[in-house]
Amino acid sequence: MFLKQLVMQAQIKHNYSLRQHHFMRTHAQADYFIRVDNMVDLVAALKYARRKKLAVYLLGAGSNTLLCGTIHGIVIQIALCGYQVTHSNGRWVWVTVQAGENWHQWVDLCLAHGWYGLENMAGIPGSIGAAPIQNIGAYGSELSDFCTSVQAIQLSNGHVVNIKASECEFSYRNSIFKSSHRHQYIITAISLRLHRLPHPQYHYPALRKALLHRPRHPRIIRNTVLRIRRSKLPHPQLEPNLGSFFHNPIISTVQYKQLRSRYPNIVAWPQADHFVKISAAWLLDQDGWKGYSHNGIQINARQPLVLINHYAEHSSAILHCAEQIRRSILERFNIHLSIEPACYGDA
Ligand SMILES: Cc1cc2nc3c(=O)[nH]c(=O)nc-3n(C[C@H](O)[C@H](O)[C@H](O)COP(=O)(O)OP(=O)(O)OC[C@H]3O[C@@H](n4cnc5c(N)ncnc54)[C@H](O)[C@@H]3O)c2cc1C
């Protein structure tokens, strides 16, 4: 064990550049950094952090994290790989997949095995371990439709826990891991229940339209979703971005009715309990932000929720732009926009 500890310590990098570890590609560095691909190293890294009193920051692929300046503490990139079928019958298969696997590749692997359900979420960048954090979703499906439990290490005491999906409080782009229990767990694996027979979901309007007169097999849904995504979203490797920078805000029905009387074409979706979800893209478009460009940051002309980094060196330029947008939306619509990505660092 002592030898393993030494080997793990040798893998820890100091003053390490994180530019290539987040999709915005701005300058950022960590006091300490380690990429762990097995549980022994992960536990040893946590012990090291505790001994040195280092704050712990977790990173998957960095597609939903904005790293700013220096991160004081240790950044642990989770690269645990593999999966295991735990049970199956004629209708369902139960499978557990490790946190470091790539989400999109996992969706493709499931399709190759004939395990269905995740196809609407093909093309979402990032790791399996980050998927429960904001309950990823797209084109009418969400992780919570399939997740049965989340395996994790509790940061405060190092205990390994199994958290049932019902305890994760999954909701629209949210879960306990992003709210009440933020920064309290390292997710090491997730368990899913998937269909053994095709179970196509195509109620999402853009998908339904694109699938008109086409067979609705999960593979076709997967390909169609990817085609729609490509037509709407800039490729993050070519135009650095974090996907949607803002959540769709949820407001009361009373406020919604007031807004609708002023803006009859407002785009919104009714929610439970007298709430309404408003399209943040519509708000930005209405407020004239589409295509706006300043200090190297551009608001995408097709999808205004996407902020592209053309040449900004520092994340402060992105945060400044986001703050301008938030203030403007608040003034005009009296709606608070919240930022979707996690932001770590001191810039
Ligand atoms: C072009 C583009 C399109 C996108 N489209 C969608 C979409 O359609 N739907 C959608 O929901 N999202 C979308 N996203 C957002 C993103 O893909 C997801 O949030 C994804 O789950 C992030 O995965 P990641 O591994 O990159 O997470 P990271 O950015 O590395 O981390 C995100 C958060 O999770 C935490 N975290 C990461 N791994 C762990 C772990 N193992 N344990 C505990 N905490 C952890 C981090 O600390 C951070 O707070 C998009 C992003 C981009 C760039």
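Going by the structure above, here's the rest.
1. Comments concerning the overall build of the protein chain
Within the protein chain, the regular secondary structure consists of eight helices and 18 strands. What you see for the protein chain is a C-alpha radius of gyration of 21 Å, in line with the 20 Å of a compact globule of 347 residues. With the C-alpha coordinates aligned to their principal axes, the bounding extent of the protein chain is approximately 70 × 55 × 40 Å. Counting all 347 residues of the protein chain, 48% fall into the buried class.

2. Here's the deal with the sheet that holds strand 13 (residues 268–270)
One open sheet accounts for three strands, arranged 12-14-13; its pairing is antiparallel. The open sheet has two free edges, formed respectively by strand 12 (250–252) and strand 13, since each of these has just one partner strand. On average, each strand axis in the sheet is inclined to that of its neighbour by 35 degrees, with strand direction left out of account. Where helix 6 (residues 253–262) meets the sheet, its contacts fall on strand 12, strand 13 and strand 14 (275–278), and the angle it forms with strand 12 comes to roughly 90 degrees.

3. Side note on the sheet that holds strand 16 (residues 297–299)
With antiparallel pairing, three strands are arranged side by side in an open sheet as 15-16-17. The sheet is open, and its two edges are formed by strand 15 (293–294) and strand 17 (307–309), each paired on a single side. Packed on one face of the sheet, helix 8 (residues 315–333) meets strand 16 and strand 17 and runs near 35 degrees to strand 16.

4. Examining the nonpolar core
Trp103, Trp106, Leu118, Leu143, Leu192 and Leu194 are the most contacted members of the largest nonpolar core, which totals 40 residues. Going through the elements one at a time, strand 6 (92–98), helix 3 (103–113), strand 9 (147–154), strand 11 (185–195) and helix 5 (218–232) are the ones with two or more residues in this core. With 34 residues, the next largest nonpolar core counts Phe245, Ile251, Val276 and Leu337 among its residues.

5. Topic: the site of the ligand
Close to the ligand lie 32 residues, the nearest being Leu58, Gly60, Ser63, Pro125 and Ser127. A distance of 2.7 Å is found between an oxygen atom of the ligand and a side-chain nitrogen or oxygen belonging to Ser63. Considering the ligand on its own, with 980 Å² of exposed area, one finds that the protein chains cover 93% of that surface. When contributions to the shell around the ligand are tallied by element, the ones reaching two or more residues are strand 3 (56–59), strand 4 (65–78), strand 7 (137–138), strand 11 and strand 18 (342–345). Ranked by the residues each element gives to the shell around the ligand, the list is headed by strand 11, at three residues. When its residues are assigned to classes, the shell around the ligand shows 18 nonpolar, twelve polar and two charged. Both domains that meet at the shell around the ligand, namely domain 1 (2–78) and domain 2 (83–232), each give it at least three residues.

6. A few points about the pairing of strand 10 (residues 160–164)
Direction of pairing for strand 9 relative to strand 10: antiparallel, over a ladder of five bridges. Residue pairing in the sheet places Ile153 in a bridge with Val160 of strand 10. Here strand 9 hands over to strand 10 after five residues, with Gly158 in that stretch at a positive phi of 75 degrees.

7. Regarding the pattern of salt bridges
If you walk through the whole model with that rule in mind, you get six salt bridges. Residue Arg222 pairs with Asp108 through a salt bridge whose shortest N-O separation is 2.8 Å. In this pair, Arg222 sits in helix 5 while Asp108 sits in helix 3, placing the two residues 114 residues apart along the sequence. Of the residues examined, Asp108 reaches a relative accessible area of 25% and is grouped as partly exposed.

About the cut-offs
- Residues numbered from 1 in each chain as written.
- Predicted model: local features only at pLDDT ≥ 70, side-chain atom pairs only at ≥ 80, totals over all residues.
- Heavy atoms only, no water.
- Helix = DSSP H or I, 4+ residues; strand = E, 2+ residues; numbered from the N terminus.
- Rg over C-alpha atoms; globule rule 2.2 N^0.38 Å.
- Buried < 20%, exposed > 50% of the residue type's maximum accessible area, 1.4 Å probe, protein only.
- Pairing = 2+ DSSP bridges.
- Axes fitted to C-alpha atoms, helices over the stretch in contact; angles between N-to-C directions.
- Contact = heavy atoms within 4.5 Å.
- Core = buried A, V, L, I, M, F, W, Y, C linked by side-chain atoms within 4.5 Å.
- Near = heavy atom within 4 Å.
- Polar contact = N/O pair within 3.5 Å; in protein donor to acceptor, adjacent residues only side chain to side chain.
- Areas by Shrake-Rupley, 256 points an atom, 1.4 Å probe, with all protein chains shown as cover.
- Nonpolar A, V, L, I, M, F, W, Y, C, P; charged D, E, K, R; others polar.
- Domains from an automatic or database assignment.
- Salt bridge = Lys/Arg side-chain N within 4 Å of Asp/Glu carboxyl O.

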